[in-house]
Amino acid sequence: MDSDVVIGIDLGTTNSAAAFLGPSGPEIIPNAVGGRLTPSVVGIDGSGAAVVGAAARELQVVHPDRCASLFKRYMGTDHTLTLAGRSYAPEELSGLLLRSLKSDAEAAFKRPVTRAVITVPAYFNDRQRKATIAAGRIAGFTVERILNEPTAAAIAYGFHEAGEDKKALVFDLGGGTFDVSVIELFEGALEVKASSGESALGGEDLTRAIAARVLEARGVAFERAEARTPKLVARLIQQCERAKCALSREPWVTVRVPGDDGEFTAASAEVRVDREQLERWVEPILARVEPPIRRALGDAKLTKNQLDEVILVGGATRMPLVVRRVTELLGREPRRRLNPDEVVALGAAVQAGLVGRAAAVEDLVVTDVAPFTLGVEISKQFGTERRDGYFDAVIDRNTTVPVSRVKRYSTVHPNQTSIVVQVYQGESRRAAENLRLGEFEVKGIPPGPPGEGVDVRFSYDLNGVLEVEATVVSTRKTVTHVIAKHARGMTEDQIRAAVRAMARLKTHPRDEEANRLVLLRAERLYQELPAELRQSLTMLLDGYETALEGRDKETIARYRGELELFLSAHDPSDDATGGTA
């Protein structure tokens, strides 16, 4: 065994796992209790010591105030979680979990292990990826690579099925995140064509939906119970998780409702739950998997009929109702040849082997994509008025990475000597509706008429980390900025300001029902379209908004008609069958 071993880690919402690439392929590293999966739960016991994994999960049921789970969902935010009276950042909790996996690896190899490839949901943003790297560093790792989870799963399948040529869709529904990637295997290469997903959608949401309905049957609101009786909720979630799994095998189950102290007594209420109820309760949650599938196929320029295979990844895909939903959406029965709970860690191990130049993978070539569109805020001219707040893409989503792209912008005012480059990530044409990554100022622009050029270059690496460079064309002066700061959630003041801004539009022609409907539908569709169609829609929207600004009814009607024709041709929701092709 190489003394400088690199391991792969699936840092999951519900469970985590570590693996390495051995002589015969990737292998899971067992944890301290012999398990192949480590629950992603961290706790502080009565003595003040940290406990991780299965022990922490047990502690959480009886002492929820001493434990934390689902902290992966808060990575890259200012949210903190309180354990035994002390606040912890999500990076710290993830660091404790990673440190436990590191200890397991060192026990297996009987030597220090300091290098790792760590997976993240494909839809993790720049800040969430940086937070994951920070968690790895807290644990004592050099993080060699951040790898998208569905890409890792595809790598595992590519390793085991080397030599096959196929197009496949990877459907990854884990405990807390959902990703979908379209991949192509050919001649020893694995190319990710497109990725999409949601970073807060998974099996835990299904469990909590069951718990909420069980409490509702007892006349109690879930949110209120969670705040007032955390021990009841912690125990009930445990019961509902078991019920969810049992309903994959049984037609109905009984869920016992604990008391406020989390304990069961002879008088504890029981609620009967059957499969039909479960499917009704989780239907709104499962419906959220369809738009990412549609986006990924559209960006990959494929229909569902052109897929050779659909691969299931993630523990939640064990549920028959999930399998049935995938079958209905994609018109074929999905496959699950590798363990869906372990396949991401196995793929991370293969990638770790690539990093460590293992002979077993010397012929495997892997490419990945940027899951989000990256760009800057610009202003646009509508008639005699110039409006700020529009988003202009520099790197389109699902561009193969690493990538470096440059785009030229220009000053808009006479004698303007500086510009502020505001960087955003997202899919809306409105900058404010995307995630603001940061900003920097470019000074020293020679005074003169409007139109002085500034080249803005975005460089996006394999870890999903963005560097932005701006160069004044006439002087070649360059400013480089590595994105480090990000927007937080909207404050109450920002929400009130947004409400006031909307109120000011009440008398504008766009507030008329037909105009509003077309605009909202177009804005929604814009987020789903590939780059070339976005450009066409942007031109139509710009013309439409100019017409609205002019307030001429005939012009508005003409542009609205053109926009409606485009929407009818390209909006999949018009398809009565609801298909993704």
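Counting restarts for each chain: residues are numbered from 1 in the order of the written sequence. Local features in this predicted model are restricted to residues whose pLDDT is 70 or higher, and side-chain atom pairs enter the listing and the counts only when it is 80 or higher, whereas totals over whole chains, interfaces and linings include all residues. Only hydrogens and water are removed before side-chain values are computed, so all heavy atoms of the structure are retained for them.

A. Highlighting the pairing of strand 10 (residues 115-120). With respect to burial, strand 10 is a largely interior element, six of its six residues being buried. Here the term buried applies to any residue with accessible area under 20% of the maximum for its type, exposed to any over 50%, and partly exposed to those in between, with areas from a 1.4 Å probe on protein chains only. Every helix listed is a DSSP run of H or I at least four residues long, and every strand listed is a run of E at least two residues long, numbered separately from the N terminus. What you see with strand 10 is no split at all: Arg115, Val117 and Thr119 on one side and Ala116, Ile118 and Val120 on the other are buried throughout. Between any two strands, pairing holds if DSSP finds at least two bridges. Pairing of strand 1 (residues 6-10) with strand 10 involves five bridges; the strand directions are parallel. Paired with Gly8 across the bridge in strand 10 is Val117. In this sheet, strand 11 (residues 142-148) lies alongside strand 10 in parallel orientation, the contact comprising six bridges.

B. Broad picture of the sheet that holds strand 7 (residues 67-69). Here we have three strands laid out as an open sheet, ordered 6-5-7, and antiparallel in their pairing. Two strands lie at the open edges of the sheet, namely strand 6 (50-52) and strand 7, each paired on one side alone. Direction aside, the axes of adjacent strands within the sheet are offset by 20° on average. Contacting strand 5 (41-44), strand 6 and strand 7, helix 1 (residues 54-62) crosses the sheet at an angle of about 65° to strand 5. Axis definition: a line fitted to C-alpha atoms, over the contacting stretch in the case of helices. Angles run 0 to 180 degrees between N-to-C directions. The contact rule is simple, with two residues in contact once any of their heavy atoms fall within 4.5 Å.

C. Spotlight on the nonpolar core. Within this scheme, the nonpolar core is defined by two criteria: the residues are buried Ala, Val, Leu, Ile, Met, Phe, Trp, Tyr or Cys, and they are joined through side-chain atoms within 4.5 Å. By size, the foremost hydrophobic cluster in this structure holds 52 residues, and its most contacted members are Leu169, Phe171, Val214, Ile293 and Leu330. A total of seven residues in this core trace back to one element, the largest contributor, which is helix 7 (residues 230-246). Counting residues in hydrophobic clusters, the runner-up holds 33 residues, among them Ala18, Leu96, Leu98 and Leu101.

D. Spotlight on the packing of aromatic side chains. Think of it this way: a Phe, Tyr or Trp ring, Trp meaning its six-membered ring, pairs with another when their centres are within 6.5 Å, and the plane angle makes it stacked under 30 degrees, edge-to-face over 60, tilted otherwise. Following the criterion strictly, the structure yields four aromatic pairs and no others. For the pair Phe382 and Tyr390, a centre-to-centre distance of 5.5 Å together with 45° between the ring planes defines the contact as tilted. Tyr390 shares its class with Phe382; the two are buried. For a Lys NZ or an Arg CZ to count as sitting over a ring, it must be within 6 Å of the ring centre and within 35 degrees of the ring normal. Its guanidinium or amino end placed over the ring of Phe382, Arg387 lies 5.0 Å from that ring's centre, counting from NZ or CZ. The ring centre of Tyr526 lies 4.8 Å from the NZ or CZ of Arg534, which sits over that ring.

E. Molecular detail of unusual backbone geometry. Omega for the peptide link from Val401 to Pro402 comes to 0°, which places this bond in the cis form. With respect to the secondary-structure elements, Pro402 resides in the loop between strand 21 (400-401) and strand 22 (403-410). Phi is positive for Leu70, close to 60°, though the residue is something other than glycine. Note on placement: Leu70 falls in the loop between strand 7 and strand 8 (81-83). Its relative accessible area of 15% is what places Leu70 among the buried residues.

F. Broad picture of helix 1. Within the sequence span of helix 1, burial applies to Ala56, Leu59, Gln60 and Val61. Here the buried face of helix 1 lies against strand 5, strand 6, strand 7 and helix 7.

G. Broad picture of the side chain of Ser181. Positionally, Ser181 belongs in strand 13 (residues 178-186). Of the polar contacts made by the side chain of Ser181, one reaches the side chain of Ser195; its length is 2.6 Å. In contact with Ser181, other than residues within four places in its own chain, are Pro150, Ala168, Leu169, Val170, Val192, Ala194 and Ser195. Polar contacts here mean pairs of N or O atoms no more than 3.5 Å apart (in protein, one a potential hydrogen donor and the other a potential acceptor; neighbouring residues in sequence count only if both atoms are side-chain atoms).

H. Local environment of the pattern of salt bridges. Every case where a carboxyl oxygen of Asp or Glu lies within 4 Å of a side-chain nitrogen of Lys or Arg is listed as a salt bridge. The final tally for this structure, using the stated rule, is 35 salt bridges. In this structure, the salt-bridge partner of Arg115 is Glu144, at a minimum N-O distance of 2.7 Å. In this pair, Arg115 sits in strand 10 while Glu144 sits in strand 11, placing the two residues 29 residues apart along the sequence. When the shortest N-O distance is used, the salt bridge between Arg397 and Asp299 registers 2.3 Å.

I. Structural view of the packing of helix 14 (residues 531-550) against helix 15 (residues 553-570). Between helix 14 and helix 15, the least distance of the axes is 8 Å, while the angle of their chain directions is 160°. Relative to helix 15, the element helix 14 lies roughly antiparallel. Here helix 14 and helix 15 pass one another in a crossing that is left-handed. Facing helix 14, whose interface residues are Leu533, Ser536, Leu537, Leu540, Leu541, Gly543, Tyr544, Ala547 and Leu548, helix 15 presents Thr555, Ile556, Tyr559, Arg560, Glu562, Leu563, Phe566 and His570. For classification purposes, angles smaller than 35 degrees are called roughly parallel, those larger than 145 roughly antiparallel, those between 65 and 115 roughly perpendicular, and all remaining angles oblique. The handedness criterion is simple: a crossing whose near helix is rotated anticlockwise from the far helix by less than a right angle is left-handed, and one whose near helix is rotated clockwise is right-handed.

J. Main features of helix 11 (residues 343-355). An ideal rise of 1.5 Å per residue puts 18 Å on 13 residues; helix 11 measures up with 18 Å between its terminal C-alpha atoms. Across the 13 residues of helix 11, 11 count as buried, placing the element largely inside the fold. Turning to helix 11, its buried residues number three or more, namely Val343, Val344, Ala345, Leu346, Gly347, Ala348, Ala349, Val350, Gln351, Ala352 and Gly353. Where helix 11 terminates, the next one or two residues include Arg357, which has phi positive at roughly 60°. Expected span of a helix: the number of residues minus one, times 1.5 Å.

K. Up close: the side chain of Lys166. With respect to the element layout, Lys166 can be found in strand 12 (residues 166-173). Within polar-contact distance, the side chain of Lys166 engages the side chain of Glu309 at 3.1 Å.

L. Representation of the sheet that holds strand 18 (residues 365-369). What the six strands build is an open sheet, ordered 17-12-13-14-18-21; its pairing is mixed. Among the strands making up the open sheet, the edge pair consists of strand 17 (309-313) and strand 21. Lying on the sheet, helix 9 (residues 290-300) is in contact with strand 12, strand 13 and strand 14 (189-198); it crosses strand 14 at an angle near 145°.

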